[in-house]
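Summary of the model geometry
Each chain is listed here by its residues.
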Amino acid sequence: MVRDAVRDPAELALLLDLPLAALGARGGAGFPLLVPRGFVARMRKRDPDDPLLRQVWPRADEDAVVPGFGADPVREQGLAAGGLIRKYPGRALLIASGACPVHCRYCFRRSFPYQDQLAARADWDPAITALREAPEIREAILSGGDPLSLSNRRLTDLVAKLEDTRVETVRLHTRFPVVVPERVDAGLLRLLERTRLRTVVVIHCNHANELDASVAAALRALAADTGALLNQSVLLRGVNDDADTLAALSERLFECGVLPYYLHLLDPVAGAAHFDVDAVAGRRLLAALRTRLPGYLVPRLVKETPGELSKTPIA
Ligand code: SF4
């Protein structure tokens, strides 16, 4: 549960049986540590380089000022209005919540002004009205933050309003099923099963160690009730930047009923430069994956280029 998540670095070190000093100096003070206990339980004890720990630990490196890395790396803040972001034709992204179940240190929205752009701040109506005025939008992407931070009641209300537009597909981008699998409860499954909209759930997982038995059960339940269940990952130095790790991730996702979708090059957000893996290394990794996995388990390596009408494939 997020309510009792670990927020104190000293407590996290204690739970992992690590001296605080072994984790080095801390940075990123404006984006505090937040990690659910179930996710901590999947980290290896006494290993400061654990790939799950690296995703959530606020290292001093975050305070480095690195040219090319900024607060709005994909330049979407200027595109947001009334809680909607329209980047690509035919679909719109609805900022449904500013809350997350975990704080991922590499997140490209770590400086996003959620308070200005939450569709839900007062009610859904401005975003729904904007969707009605743009009938060419056939897919609503619920994002954030994490849309599963909303209660099932709020989510049901939102989906009911979307059903009353020209939208045909609702897509949820969420890290909840991986970091807090208990969020995949009967109410959520019922909602996905009953809506007349086509449903797509895109989870976010970067390493096979994130997918323990409780997560696998949640994902299989989701797979049964949603039209498509896909995963997107970020290529992260020290977490998943080798072919063995990426192959194990794809295979484990498939065991859980999930297909790998995107592998993103890091968006250059301030505070995350130490995770960066360049496109040349990314291409080399994808070439290695192609020699050992069936095509449907090889994710598409992409990067987001501000102003482009789709993600840019890294061929
Ligand atoms: S928006 Fe997603 S990637 Fe960013 S901190 Fe929240 S859960 Fe992590």
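Structure shown above.
The notes below deal with the structure included here.

Things to note about the nonpolar core
- In terms of nonpolar packing, the biggest core is built from 70 residues, with Leu 12, Val 35, Met 43, Leu 162 and Leu 219 touching the most fellow members.
- Top element by residues in this core is helix α9 (residues 213-225). It accounts for 5 residues.
- Those residues in contact with Val 35 that sit more than four places away from it in its chain are Ala 5, Val 6, Leu 12, Val 40, Met 43, Val 56 and Val 102.
- Judged by nonpolar contacts, the second largest core, of 15 residues, contains Leu 246, Leu 285, Leu 297 and Ile 314.

Some remarks on the packing of helix α5 (residues 125-132) against helix α6 (residues 152-163)
- The interhelical angle for the contact between α5 and α6, taken along N-to-C directions, is 20°, at an axis separation of 10 Å. On the basis of the axis angle, α5 is roughly parallel to α6. Read as a crossing pair, α5 and α6 show a hand that is right-handed. Counted together, Asp 125, Ile 128, Leu 131 and Arg 132 of α5 and Leu 158, Lys 161 and Leu 162 of α6 form the full contact between these two elements.
- Its residues assigned to classes, the contact of α5 with α6 comprises 4 nonpolar, no polar and 3 charged.

Section: the site of the ligand
- Contacts to the ligand come from Cys 100, Val 102, Cys 104, Cys 107, Gly 145, Arg 175 and His 204.
- The residue makeup of the shell around the ligand, split by class, is 4 nonpolar, 2 polar and 1 charged.

Details of the sheet that holds strand β5 (residues 169-174)
- Strand order in the open sheet formed by 10 strands is β1-β2-β3-β4-β5-β6-β7-β8-β9-β10, and the pairing between neighbours is mixed. If you trace the sheet from one side to the other, it starts and ends with β1 (80-81) and β10 (312-313), each paired once.
- Note: strand β8 (residues 259-264) against strand β9 (residues 300-303), 3 bridges, orientation parallel. When the bridges of β9 are listed, Tyr 262 appears paired with Arg 300.
- Contacts between α6 and the sheet are confined to β3 (91-97), β4 (139-144) and β5, with β4 contributing the most and set at about 155° to the helix.

Topic: α5
- All buried positions along α5 are accounted for by Ala 127, Ile 128 and Leu 131. Looking straight down α5, one finds its buried side chains confined to an arc of 100°; they lie on one side.
- On the buried face of α5, the contacting elements are β2 (84-85), β3 and α6.

Quick word on the environment of Pro 135
- The residue Pro 135 is located in the loop between α5 and β4 in this model.
- Spatially, the C-alpha atom of Pro 135 lies 7.7 Å from that of Val 167, the residues being 32 residues apart in sequence.

Looking at the side chain of Thr 165
- By the element assignment, Thr 165 lies in the loop between α6 and β5.
- Of note is the side chain of Thr 165, whose polar atom sits 2.7 Å from the backbone oxygen of Leu 162.
- Setting aside anything within four residues of it in sequence, one finds Thr 165 in contact with Ile 128, Arg 132 and Arg 196.

Side note on the state of the cysteines
- Evaluated as defined, the whole model comprises 0 disulfides.
- The closest cysteine sulfur to the non-disulfide-bonded Cys 205 is located on Cys 256, 8.3 Å from its own sulfur.
- Judged by its relative accessible area of 0%, Cys 205 falls in the buried class.

Some words on the pairing of β8
- Burial of β8 is extensive: 5 of the 6 residues sit out of reach of the surface.
- Relative to β8, strand β7 (residues 228-234) runs parallel, the two sharing 5 bridges. What sits directly across from Leu 230, in β8, is Leu 259.
- Handedness of the crossover is the feature at issue here: the chain leaves β7, passes through helix α10 (residues 243-255), returns alongside β8, and the resulting connection is right-handed.

Some remarks on the pairing of β5
- Within β5, 6 of the 6 residues are buried, which leaves the element mostly enclosed by the surrounding structure.
- In this sheet, β5 lies alongside β4 in parallel orientation, the contact comprising 4 bridges. Bridging across to β5, Leu 142 finds its partner in Leu 172.
- With respect to chirality, the unit in which β4 leads through α6 into the neighbouring parallel β5 is right-handed.
- In the sheet, β5 pairs with strand β6 (residues 198-204) via 6 bridges, with the strands oriented parallel. Note that in β6 the partner of Leu 172 across the bridge is Val 201.

So, how was this worked out
Throughout, residues of each chain are indexed from 1 in the direction in which the sequence is written. Note on the predicted model: pLDDT of at least 70 is required for a residue's local features to be given, and 80 or more for side-chain atom pairs to be given and counted; whole-chain, interface and lining totals, by contrast, use all residues. Where side-chain values are given, they derive from all heavy atoms of the structure, hydrogens and water being excluded. Think of a nonpolar core as a cluster: buried Ala, Val, Leu, Ile, Met, Phe, Trp, Tyr and Cys residues, connected wherever their side-chain atoms sit within 4.5 Å. Note on exposure labels: buried denotes an accessible area under 20% of the residue type's maximum, exposed denotes more than 50%, and partly exposed covers the range between, all computed with a 1.4 Å probe on protein chains only. Secondary structure elements follow DSSP: runs of H or I no shorter than four residues count as helices, runs of E no shorter than two count as strands, and numbering proceeds from the N terminus. Residues are treated as being in contact if the distance between any of their heavy atoms lies within 4.5 Å. Working convention: axes come from line fits to C-alpha atoms, limited for helices to the stretch in contact. Angles between N-to-C directions cover 0 to 180 degrees. Geometric relationships in this document are graded by angle, where less than 35 degrees denotes roughly parallel, more than 145 denotes roughly antiparallel, 65 to 115 denotes roughly perpendicular, and other angles denote oblique. In this scheme the handedness of a crossing depends on how the near helix is turned from the far one: anticlockwise by less than a right angle means left-handed, clockwise means right-handed. In the scheme used here, Gly and all other residues not listed as nonpolar or charged are polar, with Ala, Val, Leu, Ile, Met, Phe, Trp, Tyr, Cys and Pro taken as nonpolar and Asp, Glu, Lys and Arg as charged. Residue proximity to a molecule or strand is established when one non-hydrogen atom of the residue lies within 4 Å of it. Paired strands, as defined in this entry, are two strands with at least two bridges between them according to DSSP. The arc in question is traced by the directions running from the helix axis to the C-beta atoms. Residues adjacent in sequence count toward polar contacts only when both atoms are side-chain atoms; beyond that, a polar contact is any pair of N or O atoms within 3.5 Å, and within protein one must be able to donate a hydrogen and the other to accept it. When two cysteine sulfur atoms lie within 2.5 Å, the pair is treated as a disulfide. When the strands point away from the viewer and the connection leading from the first strand across the helix to the second strand turns clockwise, the crossover is called right-handed.

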